[in-house]
Amino acid sequence: MSVFMDLNVPFTDNHELLQQLIQTAAHLGYSTVAINYMFEPSAKNKQVPVPADISQLIGPLPLVQGRSRPIRVLHRLTVVVSDPAHFVTRANAEEYRPFNLLAVQLTSEKLFHTACLQYDVDIISIPGTEKLPFFFKRAAINGAADRGVVFEVSYAAALRDSTRRRYTITNALSLMESCRGRGVILCSAAEQALELRGPYDVITLGVLFGLCDADSKDCVSSSCRSVLLHAETRRTANGIVSTRRREGAGPLGEAVSAKRAKVI
Amino acid sequence: MRNTDEKEETSVYRRVVLKNSSPYHYMRVCLVVDDQRIRPSVVELKNFIITGLRTLHGQAGAAINFDVLKYEEDSLTAILRIYSRGLVKLWSSLTLISSYENHNCAFRVNQVSPYLLALTGNSRDLQLD
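From a predicted model like this one, the values you see are computed outputs, not experimental measurements. (Residues numbered from 1 in each chain as written. Chains lettered and ligands numbered in written order. Predicted model: local features only at pLDDT ≥ 70, side-chain atom pairs only at ≥ 80, totals over all residues. Heavy atoms only, no water.)

Here we look at the overall build of chain B
- Each helix and strand in chain B was counted, giving two helices and five strands.
- What you see in chain B, going N to C, is helices and strands ordered as β-α-β-β-α-β-β.
- Burial status across chain B gives 39% buried among its 129 residues.
- Sequence separation of at least 24 residues holds for 68% of the intrachain contacts in chain B that already meet a minimum separation of 6.
- Accessible surface computed for chain B: about 8600 Å², of which carbon and sulfur atoms make up 48%. (Helix = DSSP H or I, 4+ residues; strand = E, 2+ residues; numbered from the N terminus. Buried < 20%, exposed > 50% of the residue type's maximum accessible area, 1.4 Å probe, protein only. Contact = heavy atoms within 4.5 Å. Areas by Shrake-Rupley, 256 points an atom, 1.4 Å probe, with all protein chains shown as cover.)

Dropping the structure here:
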């Protein structure tokens with residue numbers, strides 16, 4: 001069984017609040033959290049934020065409940081893309097390298113389609129605070145699932161007022177309908193410690209969003225782990241070395257014909 | 001299905017055998033409010049949970065039958081009994097409750113089990129040396 005993760009804890013300048021959030025997450029049983037830096041590119045502001053050092057930010061890391069080892073804290077960048085020029089599509093862009101995870105939030109259907117099929121990101125964020133201006137297309141969703149990109153639904157907006165709760169549930173339900181429960185993660189996006197919920201509460205919330213029990217559990221555990229692995233390969237893989245045995249190199253080379261490597 | 005030990009009629013213990021899935025689920029929940037002075041009574045707590053059910057699931061949700069078996073007012077911890085069919089509805093509405101009398105609050109679900117006996121102890125509270 002994989003451990004529970006919460007891959008969206010918004011960054012605030014208030015260090016005490018952030019410390020409280022991480023402490024609560026550790027107490028609730030999350031083994032990994034990611035501090036999220038929002039970045040909205042515009043004509044004036046093109047400076048990508050720089051992540052702060054974790055030890056300065058929160059001091060000694062709290063122990064995870066039930067595992068007696070410190071919580072792991074990662075950095076995540078969410079780029080709000082409203083124009084194709086806002087996102088640097090070049091692989092391994094220098095600006096995004098300090099962050100462990102890279103997410104995008106899209107504002108139009110065309111951008112959503114491009115992001116699903118082409119953008120080199122780990123997470124596509126589905127906002128819970130507003131009604132989406134487009135429907136999810138099966139082709140885009142399947143393309144994202146094939147590339148290992150996941151969709152993120154955050155639940156903190158649902159705790160704030162009834163309108164945003166309705167939007168969160170609507171967006172989540174329509175997403176679950178098109179992706180059939182695969183490649184989705186559930187995150188908190190909590191700004192206060194009391195907005196965080198325990199992993200099993202979030203799993204039940206996933207059932208409310210139309211997932212089955214097993215898929216819902218994957219949303220906070222194994223899907224999050226595959227996101228981390230995807231991010232790791234995205235950051236480190238710069239090229240591919242492929243090796244092939246030479247024809248007739250030795251006795252092994254003349255093995256049974258069925259086992260011989262196919263030459264394309 | 002219930003088998004009562006007939007030999008000891010005076011015994012207060014009763015053996016209960018469940019052959020199918022249990023009809024009830026039991027939850028130990030703890031209410032955390034940011035203002036420490038707020039101490040709802042048991043009636044207020046039940047009314048608060050029903051209000052939460054109604055806001056998320058409507059009238060049909062508010063009609064779900066559940067009981068508060070025990071409530072400790074000093075630690076704000078309660079044991080709830082709910083028909084297994086309504087468990088997800090009750091649990092999800094507890095998750096989405098976020099304010100009590102204009103104060104931020106949260107329900108922390110500590111234990112959930114189909115057997116009441118399982119709530120007698122919690123291995124997470126043990127102090128291991």
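What about the overall build of chain A?
- From N to C terminus, chain A includes nine helices and seven strands.
- The buried share among the 264 residues of chain A stands at 50%.
- Pairs at least 24 apart in sequence give 74% of the contacts found in chain A among residues at least 6 apart.
- With the model as given, the accessible surface of chain A reaches about 13500 Å², and the carbon-plus-sulfur share is 52%.

Regarding the confidence of the model for chain B
Residue and element names in this part refer to chain B.
- In this model, chain B carries a mean pLDDT of 85, and residues with pLDDT of at least 70 account for 90%.
- Ranking the helices and strands of chain B by mean pLDDT puts strand 3 (residues 77-83) first, with 92, and strand 4 (residues 99-100) last, with 86.
- Listed scores for the predicted complex are pTM 0.81 and ipTM 0.80. (pLDDT = per-residue confidence, 0-100.)

Brief notes about a negative patch on the surface
Residues and elements named next belong to chain B.
- Negative charge collects at one region of the surface, where Glu-44, Glu-73, Asp-74 and Glu-101 lie side by side.
- Within the secondary structure layout, Asp-74 lies in the loop between strand 2 (66-72) and strand 3.
- What makes Asp-74 exposed here is its relative accessible area of 62%. (Patch = residues over 30% accessible without salt bridge, like charges linked within 9 Å, V, L, I, M, F, W, Y side chains within 5 Å. Salt bridge = Lys/Arg side-chain N within 4 Å of Asp/Glu carboxyl O. Lys, Arg positive; Asp, Glu negative; His and termini not counted. Charge placed at Lys NZ, Arg CZ, Asp CG, Glu CD.)

Observations concerning the interface of chain A and chain B
- If you look at the interface, chain A gives 18 residues, while chain B gives 19 residues.
- When chain A packs against chain B, the two sides together hide about 1600 Å² of surface, and 61% of this comes from carbon and sulfur.
- By the criterion of area lost to chain B, the three top residues of chain A are Arg165(A), Leu194(A) and Arg197(A), representing 34% of everything that side buries.
- At the surface where chain A touches chain B, the tally comes to zero salt bridges.
- Inspection of the region where chain A meets chain B yields seven residue pairs in polar contact (both at pLDDT 80 or more).
- Where the side of chain A that touches chain B is concerned, the elements lending two or more residues are helix 1 (15-28), helix 5 (156-160), helix 6 (162-179) and helix 7 (199-208) of chain A. (Buried area = accessible area lost by both parts, 1.4 Å probe. Polar contact = N/O pair within 3.5 Å; in protein donor to acceptor, adjacent residues only side chain to side chain.)

Digging into the pattern of salt bridges
All names here are of chain A.
- On inspection of all chains with the given rule, the structure shows nine salt bridges over all chains.
- Across the pair Arg-76 and Glu-152 runs a salt bridge, and its minimum N-O distance is 2.7 Å. Separated by 76 residues along the polypeptide, Arg-76 in strand 3 (residues 72-81) and Glu-152 in strand 6 (residues 150-154) bring together distant segments of the chain. Taken as a pair, Arg-76 and Glu-152 share a single burial class, namely buried.
- Glu-191 is the salt-bridge partner of Arg-160, the closest N and O atoms lying 3.9 Å from each other. Here Arg-160 is found in helix 5, whereas its partner Glu-191 is found in the loop between strand 7 (184-187) and helix 7, with 31 residues between them in sequence.
- A residue is classified by how much of its surface remains accessible, and Arg-160, at 30% relative accessible area, is partly exposed.
- Residues joined in a network through salt bridges with shared partners are Arg-160, Glu-191 and Glu-195.

Structural notes on the packing of helix 1 (residues 42-62) of chain B against helix 2 (residues 87-96) of chain B
Residues and elements named next belong to chain B.
- At a minimum axis distance of 9 Å, the contact between helix 1 and helix 2 shows a crossing angle of 100°. The angle between the axes of helix 1 and helix 2 places the two elements in the roughly perpendicular class. Facing helix 1, whose interface residues are Ile-49, Gly-52, Leu-53, Leu-56 and His-57, helix 2 presents Lys-89, Leu-90, Ser-92, Ser-93, Leu-94 and Leu-96.
- A per-class count over the contact of helix 1 with helix 2 returns six nonpolar, four polar and one charged. (Axes fitted to C-alpha atoms, helices over the stretch in contact; angles between N-to-C directions. Parallel < 35°, antiparallel > 145°, perpendicular 65-115°, else oblique. Nonpolar A, V, L, I, M, F, W, Y, C, P; charged D, E, K, R; others polar.)

Some thoughts on the environment of Arg108(B)
- Mapped onto the elements of the fold, Arg108(B) is located in strand 5 (residues 103-113).
- With 76 residues separating them along the chain, Arg108(B) and Val32(B) place their C-alpha atoms 7.2 Å apart.
- In contact with Arg108(B), other than residues within four places in its own chain, are Thr24(A), Leu28(A), Ala193(A), Leu194(A), Leu196(A), Arg197(A), Arg28(B), Val29(B), Cys30(B) and Val32(B).
- A polar side-chain atom of Arg108(B) sits 2.8 Å from the main-chain carbonyl oxygen of Leu196(A).

Topic: unusual backbone geometry
- At Leu76(B), a position not held by glycine, the phi torsion is positive, near 55°.
- Residue Leu76(B) is classed as buried on the basis of its relative accessible area of 7%.

Considering the sheet that holds strand 2 of chain B
All names here are of chain B.
- Read across the open sheet, the five strands follow the order 2-3-1-5-4; overall the sheet is antiparallel. Edge positions in the open sheet fall to strand 2 and strand 4, since each of these has one partner strand only.
- Of the pairings in the sheet, the one linking strand 1 (residues 24-33) to strand 3 comprises seven bridges and is antiparallel in character. Counted as the bridge partner of Tyr-24 is Tyr-83 from strand 3.
- Each of strand 1, strand 2, strand 3, strand 4 and strand 5 touches helix 1; the most contacted strand, strand 2, lies at about 140° to it. (Pairing = 2+ DSSP bridges.)

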